[in-house]
Amino acid sequence: MLGEFDLIHRYFTKETDNKSVSLSVGDDCALIDCNERGYLAITTDTLNEGIHYFKGEDPYTLGYKSLLVNVSDLASMGAKPEYFTLSLTLKEAAEDFLKAFADGMFTLADELDMTLIGGNTSKGSADSFSIEAMGYVAKDRAMLRANARDGDLICVTGTLGAPALFVESGYGKIALNDSQRLIAHNKAMLMPNRCAFACELSEFVRCAIDISDGLMGDLKHICDRSNLAACIDVDTLPVDPLIKSVEKTREYGLNLALFGGGDYELLFTVDKKYADDLKALSAKHNVQVSIIGKMIKGTDIVLKDGESMFNGSGRAFEHF
Ligand SMILES: Nc1ncnc2c1ncn2[C@@H]1O[C@H](COP(=O)(O)OP(=O)(O)O)[C@@H](O)[C@H]1O
Ligand SMILES: Cc1ncc(C[n+]2csc(CCOP(=O)(O)OP(=O)(O)O)c2C)c(N)n1
Ligand SMILES: [Mg+2]
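Residues numbered from 1 in each chain as written. Chains lettered and ligands numbered in written order. Predicted model: local features only at pLDDT ≥ 70, side-chain atom pairs only at ≥ 80, totals over all residues. Heavy atoms only, no water.

Here we look at helix H5 (residues 178-186)
1) Next: The set of residues buried in H5 consists of Gln 180, Ala 184 and His 185. One side of H5 carries all its buried residues, which in axial view fall inside an arc of 130°. Pointing more than 90 degrees away from the buried face of H5 are the exposed residues Asp 178 and Leu 182.
2) Next: Where H5 is buried, its residues touch helix H2 (59-77), helix H4 (162-170) and helix H8 (241-246).
3) Next: Between a side-chain oxygen at the N-terminus of H5 and the backbone nitrogen of Ser 179 the separation is 3.2 Å; the capping residue is Asn 177. (Buried < 20%, exposed > 50% of the residue type's maximum accessible area, 1.4 Å probe, protein only. Helix = DSSP H or I, 4+ residues; strand = E, 2+ residues; numbered from the N terminus. Arc of directions from axis to C-beta. Contact = heavy atoms within 4.5 Å. Polar contact = N/O pair within 3.5 Å; in protein donor to acceptor, adjacent residues only side chain to side chain.)

Brief notes about a nonpolar patch on the surface
1) Next: On the surface, a nonpolar cluster with roughly 480 Å² of combined accessible area is contributed by Phe 5, Ile 8, Tyr 11, Phe 12 and Val 25.
2) Next: You can see Tyr 11 is positioned in helix H1 (residues 4-12). (Patch = residues over 30% accessible without salt bridge, like charges linked within 9 Å, V, L, I, M, F, W, Y side chains within 5 Å. Areas by Shrake-Rupley, 256 points an atom, 1.4 Å probe, with all protein chains shown as cover. Salt bridge = Lys/Arg side-chain N within 4 Å of Asp/Glu carboxyl O.)

Section: the site of ligand 1
1) Next: In the neighbourhood of ligand 1, the contacting residues comprise Phe 5, Ile 8, Phe 12, Val 25, Gly 26, Asp 27, Asp 28, Asp 45, Asp 73, Arg 145 and Ser 212.
2) Next: Here Asp 73 contributes a side-chain N or O atom positioned 3.1 Å from an oxygen atom of ligand 1.
3) Next: Separating an oxygen atom of ligand 1 from a side-chain N or O atom of Arg 145 is a distance of 3.3 Å.
4) Next: In the complex, the protein chains occlude 68% of the 560 Å² of accessible area that ligand 1 would expose alone.
5) Next: Ranked by residue count, the leading element in the shell around ligand 1 is H1, at three residues.
6) Next: Taken together, the residues of the shell around ligand 1 sort by class into four nonpolar, two polar and five charged. (Near = heavy atom within 4 Å. Nonpolar A, V, L, I, M, F, W, Y, C, P; charged D, E, K, R; others polar.)

A look at the UniProt feature "binding site: Mg(2+) 5" (unreviewed entry) in the protein
1) Next: UniProt marks Asp 213 with the feature "binding site: Mg(2+) 5" (unreviewed entry), using the numbering shown here.
2) Next: With respect to the element layout, Asp 213 can be found in the loop between strand S8 (207-210) and helix H7 (215-226).
3) Next: Note on Asp 213: relative accessible area 14%, which makes it buried. (UniProt positions renumbered as here; feature names shortened; annotations may be inferred.)

Considering the pairing of strand S12 (residues 301-305)
1) Next: Alignment of strand S9 (residues 229-233) against S12, held across four bridges, turns out to be parallel. Opposite Ile 232, over in S12, you have Leu 303 as the bridge partner.
2) Next: Pairing between S12 and strand S13 (residues 308-311): four bridges, direction antiparallel. Residue pairing across strands places Val 302 opposite Asn 311, the latter belonging to S13.
3) Next: In this structure, the hairpin formed by S12 and S13 is closed by a connection of two residues, where Gly 306 is found at a positive phi of approximately 65°. (Pairing = 2+ DSSP bridges.)

Notes on the nonpolar core
The tendency in soluble globular proteins is for nonpolar side chains to be buried side by side.
1) Next: Leu 31, Leu 67, Phe 84, Met 114, Leu 201 and Phe 268 are the most contacted members of the largest nonpolar core, which has 52 residues in total.
2) Next: Considering every element that reaches this core, the biggest residue donor is H2, with nine residues.
3) Next: When we break this core down by domain, the ones giving at least three residues each are domain 1 (43-135) and domain 2 (152-309).
4) Next: Excluding anything up to four places from it in sequence, Leu 31 contacts Ser 20, Val 21, Ser 22, Leu 23, Tyr 39, Leu 40, Ala 41, Met 77, Val 137, Ala 142 and Leu 144.
5) Next: Ile 211, Leu 228, Ile 243 and Leu 267 belong to the second-largest nonpolar core, a separate cluster that totals 37 residues. (Core = buried A, V, L, I, M, F, W, Y, C linked by side-chain atoms within 4.5 Å. Domains from an automatic or database assignment.)

As structure tokens, this is what we get:
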């Protein structure tokens, strides 16, 4: 069976003669050359009921998250969010639902000064919300998956694993009380301050991605595109404290942080000569940054746990 990324590569990745397309399929955003205006970064993502969220999800969160998952891709390129379109597929036009959805979506749009410029509305057999988001980045400031260098430090913002814990509880694999479920549920909504952080980060960082499919899966994209491997020190992983409070085994927390996904944190690599700039930026924006490893020569991701080494390539979220 064809995997998600093989499918995209085989059927939907084509060369183009269009000189304005500076970056096409394969990164968080496409980059369109807009001359002195810089690059227009364009991205699209969808939330489908039963796949990306549980049936009965509160519509305010759904609206907010539909935009947030796209903004996260703009942030990972260093682009400042500007415009978006909204494509709705709905089983029914329930007004209470639509009002709360729009409220959530525009709360984030207003916070980031983004403008809704169009979209599409259709009836369908299952609810689905697609957004396409756009923003500009200066040509020498775009952060690409392909730009990691041997010896770069690997860094991640915020904490990892809480959204995956929420998914585990939704499938009945772990019991959370109401307040724990709320914290896990809302974790991925803390992202907006990553945008301003990322725009400034691009002064000295050339390589970034956002974590949607899980740290290991998304780090593998950086490795593949940059023709490098990575070594991660598992003791330095910012496992969300909520996981530590509900589950006593260290392995459980590490698994969610490494492979869980849905974090929408930034993963980036940086030359160690910028370590002080990074510290200052992290303090300025109040964004936690953890140094979790190093880019190295090779092909696989190595997980270092004390004196033990494990192969970390492999498991990540894929749709097919
Ligand atoms: N059906 C498709 N046709 C063309 N390009 C696609 C398609 N699906 C995904 N892509 C591209 O493949 C790359 C990987 O997709 P994805 O994993 O969804 O990226 P992201 O995690 O940044 O949303 C991206 O560059 C995306 O634009
Ligand atoms: C009901 C439910 N099941 C599972 C998950 C976990 N999950 C679904 S999609 C996904 C990965 C991200 O989705 P994708 O469509 O691949 O986003 P992209 O990488 O394109 O940004 C994860 C971790 C969830 N959030 N909700
Ligand atoms: Mg996507």
